[in-house]
Amino acid sequence: MTEDPEVAGLGARLREHRMAGRLTLEAAAARVGLSPAYVSRLESGQRQPSLPVLLGLARAYGTTVAGLLGEQPGDPEPVIRGAAIEPGRAGGWGYRRAGAPGRAMQALHVQVPPSLQDAVVRVHPGEEWLYVTRGRLRLTLGESVHLLAEGDSAHFDSLTPHCIAADSPDGVELLFLHTLLQAPAGELCLGDQPRI
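Figured I'd write up the structure that's included with this text.

Reading the values: the criteria
- Residues numbered from 1 in each chain as written.
- Predicted model: local features only at pLDDT ≥ 70, side-chain atom pairs only at ≥ 80, totals over all residues.
- Heavy atoms only, no water.
- Helix = DSSP H or I, 4+ residues; strand = E, 2+ residues; numbered from the N terminus.
- Buried < 20%, exposed > 50% of the residue type's maximum accessible area, 1.4 Å probe, protein only.
- Contact = heavy atoms within 4.5 Å.
- Areas by Shrake-Rupley, 256 points an atom, 1.4 Å probe, with all protein chains shown as cover.
- Pairing = 2+ DSSP bridges.
- Axes fitted to C-alpha atoms, helices over the stretch in contact; angles between N-to-C directions.
- Parallel < 35°, antiparallel > 145°, perpendicular 65-115°, else oblique.
- Left-handed = near helix turned anticlockwise from the far one by under 90°.
- Nonpolar A, V, L, I, M, F, W, Y, C, P; charged D, E, K, R; others polar.
- Core = buried A, V, L, I, M, F, W, Y, C linked by side-chain atoms within 4.5 Å.
- Phe/Tyr/Trp six-rings, centres within 6.5 Å; stacked < 30°, edge-to-face > 60°.
- Salt bridge = Lys/Arg side-chain N within 4 Å of Asp/Glu carboxyl O.

Considerations on the overall build of the chain
- Of the regular secondary structure elements, the chain holds five helices and 11 strands.
- Counting every position in the chain, which comprises 196 residues, the buried fraction comes to 43%.
- The contacts of the chain with a sequence gap of at least 6 include a subset with a gap of at least 24, amounting to 69%.
- When the accessible surface of the chain is summed, it comes to about 9800 Å², and 53% of that surface belongs to carbon and sulfur atoms.

Structure follows, in structure tokens:
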């Protein structure tokens, strides 16, 4: 399988970040609730991660999604022009950077197609804020399920078990902000299915 040109070099960067943190495949996989074989396939370019997997790996490796995607840090530009940012894709999820890299929080414009849902319930230190710009979002927070329509937003503590999914036939688009706090091993995500 050839590597998607939109995420060229991602596998090598994933491996570099893992090795820089002196993590084995097993240790890295345990931090984000993945199998060592899957992490190995990500590093070899045989698989492309979804945005939630990229977020988990970025937190586990002490970096950002932008860093994993190879965006070069520089002096942060306070204005991010939408026309100047090419949309990226990973695991079927579309996203584009909506904030400057190297900040205490990360901002993304995310597109979640209806057919590709992430069933992993995530738990990690920090906060998340999202705003639905198109479609309908199903947000599971702990035992509660919330349907958010265009213009609705949610702001929550990331230690609350959470899962997001599209709940409209054409998928959902949202603005997504999260803090980049680090999580100890094993606390980034739980392998349980969301309770709906």
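So much for the structure itself; the text now carries on.
What to know about the pairing of strand β5 (residues 127-134)
- As paired elements, β5 and strand β8 (residues 153-157) share five bridges and run antiparallel to each other. Across the sheet, the residue bridging to tyrosine 131 is serine 153, located in β8.

Description of the packing of helix α2 (residues 25-32) against helix α4 (residues 51-61)
- Two elements in contact, α2 and α4, have axes separated by 9 Å at closest approach and are oriented at 120°. Comparing their axes, α4 and α2 come out oblique. In this structure, α2 crosses over α4, and the sense of that crossing is right-handed. Contact residues: Ala28, Arg31 and Val32 in α2; Gly56, Leu57, Ala60 and Tyr61 in α4.
- Classifying every residue of the contact of α2 with α4 gives five nonpolar, one polar and one charged.

Digging into the nonpolar core
- Core analysis: the largest hydrophobic core is formed by 36 residues, its most contacted members being Tyr61, Leu130 and Leu137.
- No other element matches the eight residues that α4 contributes to this core.
- When near neighbours in sequence (up to four residues on either side) are disregarded, leucine 130 contacts Leu137, Leu148, Asp152, Ser153, Ala154, Phe156, Ile164, Leu174, Leu175 and Phe176.

Notes on the packing of aromatic side chains
- Evaluated as defined, the whole model comprises one aromatic pair.
- With a centroid separation of 6.2 Å and an interplanar angle of 15°, the aromatic rings of tryptophan 129 and tyrosine 131 are classed as stacked.

Some words on the environment of arginine 59
- With respect to the secondary-structure elements, arginine 59 resides in helix α4.
- On the basis of relative accessible area, arginine 59 is assigned to the buried category, the value being 4%.
- Separated by 28 residues in the primary sequence, arginine 59 and arginine 31 place their C-alpha atoms 9.2 Å from one another.

Structural notes on the pattern of salt bridges
- Going through the model one piece at a time under the given rule, you end up with five salt bridges.
- Across the pair arginine 18 and glutamate 43 runs a salt bridge, and its minimum N-O distance is 2.6 Å. Taken together, the positions of arginine 18 in helix α1 (residues 10-20) and glutamate 43 in helix α3 (residues 36-44) put the pair 25 residues apart, joining distant regions of the chain.
- Among the residues examined, arginine 18 registers a relative accessible area of 6% and is labelled buried.
- Given the relative accessible area of 14%, glutamate 43 is considered buried.
- Notably, a salt bridge pairs arginine 134 with glutamate 173, separated by 3.1 Å at the nearest N-O pair. Highlighted residues: arginine 134 in strand β5 and glutamate 173 in strand β10 (residues 172-179), separated in sequence by 39 residues.
- According to the relative accessible area criterion, arginine 134 is partly exposed, its value standing at 31%.
- For glutamate 173, a relative accessible area of 15% puts it in the buried group.
- Connected through salt bridges with shared partners, the residues Arg136, Arg138 and Asp167 form a single ionic network.

On their own, these measurements won't tell you what the molecule is for.
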